[in-house]
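# Fold and contact review
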Amino acid sequence: MNRGIPINIIRFILLVLVQVLVFNRLNFFGFINPMVYIMFLYWYPIKEKRAVFIGLSFLLGLSVDFLSDTMAIHAAATTTIAYLRPAIMRFVFGINYEFQSFKLSNTTKAQQFTFLALLILVHHSVYFSMEIFSIANLLLIVKKVLSNGLASLILCLLFSTLFSVKKE
């Protein structure tokens, strides 16, 4: 059995529970709710089968939707970034990510930051566009994407720093 499977199952369950039980209840300034479950999509192994990854992303979003009563908006947003992740990785890391020896931990901090920021930006753009679903409220969508995106980015960077494996 692949040793990465148990850690991914634990990450999946813990991130859904932390999102639903802690971060969905936070309400900074009345409208900012960080979304840290996106870290599963950031940490998921690059060389795993893409169809499995997209399916797990859909299940991740659907789990958060089911426990948050948000009518599949999270599922749509997570499936979108799962589908777009190879294009985002090609943009951030160049073609070198396609080689077998590529590891996210071997990239620069600036590349890791950019990759995470783009995942969050795309996720939040899809999520809030579907939540508000009105072009007349474009400024509200932009406000929510930027404010929630910044809060999510800060917390995801904190989680990434706290739970990363240190190399000596």
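Predicted, not measured: the structure shown is a model, and the values here were computed from it. (Residues numbered from 1 in each chain as written. Predicted model: local features only at pLDDT ≥ 70, side-chain atom pairs only at ≥ 80, totals over all residues. Heavy atoms only, no water.)

## Structural notes on a nonpolar patch on the surface
In plain terms, the rule: The patch calculation keeps residues exceeding 30% relative accessible area without a salt bridge and links them within 9 Å when they carry like charges or within 5 Å when they are nonpolar (Val, Leu, Ile, Met, Phe, Trp, Tyr). Only the protein chains shown count as cover for residues, with accessible areas throughout obtained via the Shrake-Rupley method and a probe of 1.4 Å. For salt bridges, the criterion is a side-chain nitrogen of Lys or Arg within 4 Å of an Asp or Glu carboxyl oxygen. The way it works is that DSSP assigns letters per residue, a run of H or I at least four long becomes a helix, a run of E at least two long becomes a strand, and they are numbered from the N terminus.
A surface patch of nonpolar side chains, amounting to about 510 Å² of accessible area, comprises I5, I9, I13, L17, L21 and V22. With respect to the element layout, L21 can be found in helix α1 (residues 4-23).

## A few points about the packing of helix α4 (residues 73-93) against helix α5 (residues 109-132)
Which entries qualify depends on this criterion: Orientation is described by lines fitted to C-alpha atoms, with helices fitted over the stretch in contact, and by angles between N-to-C directions that extend from 0 to 180 degrees. We call a crossing left-handed when the near helix sits turned anticlockwise from the far one by less than a right angle, and right-handed when that turn is clockwise. Residues are grouped as follows: Ala, Val, Leu, Ile, Met, Phe, Trp, Tyr, Cys and Pro are nonpolar; Asp, Glu, Lys and Arg are charged; every other residue, Gly included, is polar.
In the contact formed by α4 and α5, the axes pass within 9 Å of each other and the chain directions differ by 150°. The hand of the α4/α5 crossing is right-handed. Considered class by class, the residues forming the contact of α4 with α5 number 17 nonpolar, six polar and two charged.

## Some words on helix α3 (residues 50-68)
Selection criterion: The span expected for a helix works out to 1.5 Å for each residue beyond the first. When a residue's accessible area, from a 1.4 Å probe over protein chains only, is under 20% of the maximum for its type it is buried; when over 50% it is exposed; and in between it is partly exposed. Taking the helix axis as origin, the arc is that swept by the directions to the C-beta atoms. By definition, residues are in contact when any of their heavy atoms lie within 4.5 Å.
Over its 19 residues, α3 runs 27 Å from end to end, which matches the ideal 27 Å to within 8%, given 1.5 Å per residue. Listed in full, the buried residues belonging to α3 are F53, S57, L60, G61, V64 and D65. Considered in projection along α3, the buried side chains sweep an arc of 130° and stay on one side of the axis. Turned more than 90 degrees away from the buried face of α3 sit A51 and F66, all of them exposed. On its buried face, α3 sits against α1, α2 (39-43) and α4. Of the residues one or two after α3, D69 is the one with positive phi, at around 60°.

## Considering the pattern of salt bridges
This model, assessed by the stated rule, comprises one salt bridge. Residue E131 is joined to K144 by a salt bridge in which the shortest nitrogen-to-oxygen separation is 3.8 Å. Of this pair, E131 sits in helix α5 while K144 is found in helix α6 (residues 138-162), placing the two residues 13 residues apart along the sequence. In this structure E131 comes out as partly exposed when scored by relative accessible area, which is 37%. The exposure class assigned to K144 is buried, which follows from its relative accessible area of 17%.

## Brief notes about the UniProt feature "transmembrane region" (unreviewed entry) in the chain
Applied cut-off: UniProt positions are given in the numbering used here, feature names are shortened, and annotations may be inferred rather than shown by experiment.
The positions that UniProt labels "transmembrane region" (unreviewed entry) are, in the present scheme, residues 28-44, 73-93, 113-139 and 145-165. Between the end C-alpha atoms of residues 28-44 the distance is 29 Å, and the span holds 29% helix and 0% strand. For residues 73-93, the helix share is 100%, the strand share is 0%, and the end-to-end C-alpha distance is 29 Å.

## Overview of the packing of α1 against α3
The angle between the axes and the distance between the axes are what describe a pair of packed helices. Going by this rule: These descriptions rest on fixed angle ranges, namely under 35 degrees for roughly parallel, over 145 for roughly antiparallel, 65 to 115 for roughly perpendicular, and the rest for oblique.
Where α1 contacts α3, the two axes come as close as 10 Å, and the packing angle between them is 30°. Classified by the angle between their axes, α1 and α3 sit roughly parallel to one another. Crossing of α1 over α3 shows right-handed handedness. Judged by residue contacts, F12, V16, Q19 and V20 of α1 engage L56, L59, L60, S63, V64, L67 and S68 from α3. Residue composition of the contact of α1 with α3, by class: eight nonpolar, three polar and no charged.

## As for unusual backbone geometry
Phi is positive for M71, which is not a glycine, with a value near 55°. Position of M71 among the secondary structure elements: in the loop between α3 and α4. Judged by relative accessible area, M71 falls into the exposed class, the value being 74%. We note that A72 has phi near 65°; this positive angle belongs to a residue other than glycine. Position of A72 relative to the elements: it lies in the loop between α3 and α4.

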